[in-house]
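What follows is the residue order along each chain.
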Amino acid sequence: MMTIHVCVGSTCYLKGSYNIIHQIQRIIGERDWGEQITVKAAFCLGKCTDAVCIKIDDGPIVSVKEEEVEQFMEEWVARGVLR
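Caption draft 1: Examining a nonpolar patch on the surface more closely. There is a patch of nonpolar side chains on the surface, built from Tyr-13, Leu-14 and Tyr-18 and spanning about 380 Å² of accessible area. You can see Leu-14 is positioned in helix α1 (residues 10–14).

The structure is reproduced here in structure tokens:
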């Protein structure tokens, strides 16, 4: 089971973290990954200057913009799910 933590702290919220969460949930549904991935809101991941911050399990913190969600899911998530 993979857990995607999306920061919803002030800076990330203002830069669209809730829109990113909805996009991630949509992609998970479209690809039938619901059994393999959980999406959780995180208060602050400590990289506010890089907002919106996302962390997969205990991996590195990644900065993702709304227009980069598809690419993020391919580069960071699909590899882990398809193993």
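Caption draft 2: Quick peek at unusual backbone geometry. Cis geometry marks the peptide bond from Ala-51 to Val-52, where omega comes out at 10°. Within the element layout of this structure, Val-52 appears in the loop between β2 (37–42) and β3 (53–56). The backbone of Asp-32 sits at a positive phi, close to 55°, despite the residue not being glycine. Within the secondary structure layout, Asp-32 lies in the loop between α2 (17–30) and β2. In the Ramachandran plot, Asp-57 falls in the positive-phi region, its phi being about 50° despite a non-glycine side chain. Within the fold, Asp-57 resides in the loop between β3 and β4 (61–63).

Caption draft 3: Spatial organisation of the packing of aromatic side chains. This model, assessed by the stated rule, comprises 1 aromatic pair. Plain terms: the ring middles of Tyr-13 and Tyr-18 are 5.6 Å apart, the flat faces sit at 75° to each other, and that makes the pair edge-to-face.

Caption draft 4: Focus on the side chain of Thr-3. As for its position among the elements, Thr-3 is in strand β1 (residues 2–7). Residue classification places Thr-3 among the buried positions, given a relative accessible area of 15%. When sequence neighbours within four positions are dropped, the list of residues in contact with Thr-3 reads Thr-38, Lys-40, Lys-55, Ile-56 and Asp-57.

What counts, and at which threshold
- Residues numbered from 1 in each chain as written.
- Predicted model: local features only at pLDDT ≥ 70, side-chain atom pairs only at ≥ 80, totals over all residues.
- Heavy atoms only, no water.
- Patch = residues over 30% accessible without salt bridge, like charges linked within 9 Å, V, L, I, M, F, W, Y side chains within 5 Å.
- Areas by Shrake-Rupley, 256 points an atom, 1.4 Å probe, with all protein chains shown as cover.
- Salt bridge = Lys/Arg side-chain N within 4 Å of Asp/Glu carboxyl O.
- Helix = DSSP H or I, 4+ residues; strand = E, 2+ residues; numbered from the N terminus.
- Phe/Tyr/Trp six-rings, centres within 6.5 Å; stacked < 30°, edge-to-face > 60°.
- Buried < 20%, exposed > 50% of the residue type's maximum accessible area, 1.4 Å probe, protein only.
- Contact = heavy atoms within 4.5 Å.

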